[in-house]
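One-letter residues, chain by chain:
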Amino acid sequence: RKLLTALAALAIGVGVLAVPAQAQDKKFTIALIPGLTTDAFYITMRKGAEAAAKAVGAELVFQGAPDFNPVTQTPVLDAVIARKPDAILIAPTDKVQLVQPLKKAIDAGIPVITVDTFIGTGQYQTGAGDADFPLSYVASDNLLGGRMAADALSKAIGGKGKVYVSNVKPGVSTTDQREEGFKEEMKKYPDITVLETQFNDDDANKAASQFQSVYARNSDLAGVFGANLFSALGAANGVQQAGQSGKIRVAAFDAPTSIVDNLKSGLVDIAIAQHPAEIGYFGVMAAYAHLTGQSIPTSIGTGFTVMDKSNVDQPEVARFIYQN
Ligand code: T6T
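Residues numbered from 1 in each chain as written. Predicted model: local features only at pLDDT ≥ 70, side-chain atom pairs only at ≥ 80, totals over all residues. Heavy atoms only, no water.

Enquirer: Kindly report on the overall build of the protein chain, identifying the contributing residues and their values.
Expert: In terms of regular secondary structure, the protein chain is built from twelve helices and 13 strands. Taking the principal axes of the C-alpha coordinates as reference, the protein chain spans close to 100 × 40 × 35 Å. By sequence separation, contacts in the protein chain at least 24 residues apart represent 73% of the contacts at least 6 residues apart. Carbon together with sulfur atoms contributes 54% to the accessible area of the protein chain, which is approximately 14,300 Å² in total. Averaging the locations of the 28 positively and 32 negatively charged side chains of the protein chain gives two centres separated by 4 Å. (Helix = DSSP H or I, 4+ residues; strand = E, 2+ residues; numbered from the N terminus. Contact = heavy atoms within 4.5 Å. Areas by Shrake-Rupley, 256 points an atom, 1.4 Å probe, with all protein chains shown as cover. Lys, Arg positive; Asp, Glu negative; His and termini not counted. Charge placed at Lys NZ, Arg CZ, Asp CG, Glu CD.)

Structure (structure tokens):
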């Protein structure tokens, strides 16, 4: 009888140990920290992230700063870490300045995936350097995007003339890579001169007034590449204010409705739309896969849709216009 009692106790013990079934039912909380909250790019990313969270029964927390700045993003990250989510998805606003703040998440046992932008070199889980700790990087191929912008702008200006890049600020992985890809590709066009880059701090008004100064110094300016939403919008506004719509050509990165309106009016020649909803969706799916014991790729690439006046009304193109 003693043996039976012992076996029964063991069986109960086994029953108690069978908790993993419950753990699988756990509702995971996944936090998404955007570059800034009031940007159609991240608003659209959030929608994709929410769709994925719904599909796997997770809760998505969206918390960000009002501007694209490591100084305001870091306290948001600290607050999110204090809430102890099961995973953090973040678009770090600086390659270097977010490294130490993100280490705190890892120290607290919270896995990190970066979306859109990266820290360090963007090569994760290599054992090299001090910024390889995120599990995965989910984003557009920004070097390629910069090359695509260069080819499109070259085509628009007939392969010759002066152009410049309107950009955010050095240290942002995405926009740094777009500028790098753009300049690399422009080497193929010997009759195009790339002037000094203008950094606008993600402020469209600043980008518009910078356009005026560049144009004042270069009355033969042929084109401008706006390397993200606010850079492109500001540059386009500058072109319009100077009465040069359709004469000075604009290649834009990103596709909010304002840029689409500019495509239709002929102020902007092409817009390279990223797929932010895909980035959010696959970011959450990667986090969920990791949390449920799957291995995940260290980088996940999402696509582009190139928009121009002739295709932007087609439903398969228009579906990539950013949401508000
Ligand atoms: O271009 C996107 C994003 O990819 C970049 O990292 C920052 O700017 C945007 O959010 C557009 O404003």
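Enquirer: Tell me what's going on with the pattern of salt bridges, and back it up with residues and numbers.
Expert: Summed over the entire model, instances satisfying the criterion amount to twelve salt bridges. The closest approach of N and O atoms between E50 and R46, which form a salt bridge, is 3.2 Å. You can see E50 and its partner R46 sitting in helix α3 (residues 40–56), four residues apart, about one turn around the helix. A residue is classified by how much of its surface remains accessible, and E50, at 35% relative accessible area, is partly exposed. A residue is classified by how much of its surface remains accessible, and R46, at 33% relative accessible area, is partly exposed. In this structure, the salt-bridge partner of K183 is E179, at a minimum N-O distance of 2.7 Å. (Salt bridge = Lys/Arg side-chain N within 4 Å of Asp/Glu carboxyl O. Buried < 20%, exposed > 50% of the residue type's maximum accessible area, 1.4 Å probe, protein only.)

Enquirer: Could you give me a rundown of the sheet that holds strand β2 (residues 59–62), with the residues and numbers involved?
Expert: The parallel open sheet is built from six strands, whose spatial order is β2-β1-β3-β4-β5-β12. Only two strands of the sheet have a single partner each, and these edge strands are β2 and β12 (299–302). With strand direction ignored, the average angle separating the axes of adjacent strands in the sheet is 20°. (Pairing = 2+ DSSP bridges. Axes fitted to C-alpha atoms, helices over the stretch in contact; angles between N-to-C directions.)

Enquirer: Report on the site of the ligand, specifying residues and quantitative values.
Expert: Close to the ligand lie 13 residues, the nearest being D39, D116, T174, R178 and D254. Within the contact set of the ligand, an oxygen atom lies 2.6 Å away from a side-chain nitrogen or oxygen of D39. One of the side-chain nitrogen or oxygen atoms of N228 is found 2.9 Å away from an oxygen atom of the ligand. Protein contact buries 99% of the 300 Å² of open area that the ligand shows by itself. The set of elements that each furnish at least two residues to the shell around the ligand consists of α3, α7 (173–186) and α9 (229–241). Across the shell around the ligand, the residue classes tally to five nonpolar, four polar and four charged. (Near = heavy atom within 4 Å. Polar contact = N/O pair within 3.5 Å; in protein donor to acceptor, adjacent residues only side chain to side chain. Nonpolar A, V, L, I, M, F, W, Y, C, P; charged D, E, K, R; others polar.)

Enquirer: Can you explain the packing of aromatic side chains? Please cite residues and give values.
Expert: Summed over all chains, the structure comprises ten aromatic pairs. In this structure an aromatic cluster arises from ring pairing among F182, F225, F253 and F304. (Phe/Tyr/Trp six-rings, centres within 6.5 Å; stacked < 30°, edge-to-face > 60°.)

Enquirer: Tell me about the packing of α9 against helix α10 (residues 257–265), residues and numbers included.
Expert: Running from N to C, α9 and α10 point in directions that differ by 40°, and their axes come no closer than 10 Å. When the axes of α9 and α10 are compared, the pair comes out oblique. In this structure, the crossing between α9 and α10 has a hand that is left-handed. Residues A232, L233 and A236 of α9 pack against S258, I259 and N262 of α10. Class assignment of the residues belonging to the contact of α9 with α10 gives a composition of four nonpolar, two polar and no charged. (Parallel < 35°, antiparallel > 145°, perpendicular 65-115°, else oblique. Left-handed = near helix turned anticlockwise from the far one by under 90°.)

Enquirer: Explain the nonpolar core to me, using residue names and the numbers behind them.
Expert: Ranked by internal contacts, the top residues of the largest apolar core, which has 62 residues, are L32, L89, I113, V115, V284 and M307. Per-element accounting of this core gives the leading share, eight residues, to α3. Among residues more than four places away in sequence, those in contact with L32 are M45, R46, A49, L60, V61, F62, Q63, L89 and V115. Counting residues in each nonpolar core, the second largest holds 23 residues, with L98, V99, Y137 and A139 among its members. (Core = buried A, V, L, I, M, F, W, Y, C linked by side-chain atoms within 4.5 Å.)

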